[in-house]
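Here is how the chains run, residue by residue.
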Amino acid sequence: MNYFISFLLATLLTAFSYFLGSLLIRNGIAVWQALIIGVAVVSLGAITEALGAPIWLIVLIPFPVGMFLLYLFLNKPVDTWFLTYLTILVLYSVIHVVVSYFFQFHSLIPAWRLS
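Residues numbered from 1 in each chain as written. Predicted model: local features only at pLDDT ≥ 70, side-chain atom pairs only at ≥ 80, totals over all residues. Heavy atoms only, no water.

S.K.: Got a minute to help me understand the environment of Leu13 in this structure?
M.R.: Mapping Leu13 onto the fold places it in helix α1 (residues 3–24). Separated by 83 residues in sequence, Leu13 and His96 place their C-alpha atoms 8.4 Å apart. (Helix = DSSP H or I, 4+ residues; strand = E, 2+ residues; numbered from the N terminus.)

Okay, here's the thing in structure tokens:
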């Protein structure tokens, strides 16, 4: 799979987890907002990886950006935002495991290949 397709798939899977997670808590964000978060999170992860950062930094960098954008777009109290974010993390983890297992695709950093 070429890099552009991997990047697009990673972005869509990330955006889908944000959109679905926010709907499950009944504080849904718009599809375009979920896409903005997906692009921001995946782009930062990919850029950090391309710069040769250590693995812990590659994983850490996208989290605060996704958290901040979700808080900004939800426009809800912190406790609602936190519950929504936890729901999104669970959904993302499930999506990540399924996609990684069946398709050998790392859904956060498109440049990483699973063995």
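S.K.: How do you make sense of the packing of aromatic side chains when you look at a structure like this?
M.R.: One pair of aromatic rings is described through two measures. These are the centre distance and the angle between the planes. Under the defined criterion, the tally for this structure stands at 5 aromatic pairs. Arranged with centres 6.4 Å apart and planes meeting at 55 degrees, the rings of Tyr18 and Tyr85 form a pair that is tilted. With a gap of 67 residues between them, Tyr18 in helix α1 and Tyr85 in helix α5 (residues 78–103) connect regions that are remote in the sequence. Here the two residues Tyr18 and Tyr85 agree in accessibility, since each one is buried. A centroid spacing of 6.0 Å and a plane angle of 90 degrees characterise the contact between Tyr71 and Trp81, whose relative ring orientation is edge-to-face. Residue Tyr71 is found in helix α4 (residues 62–74), and its partner Trp81 is found in helix α5; the two are separated by 10 residues along the sequence. (Phe/Tyr/Trp six-rings, centres within 6.5 Å; stacked < 30°, edge-to-face > 60°. Buried < 20%, exposed > 50% of the residue type's maximum accessible area, 1.4 Å probe, protein only.)

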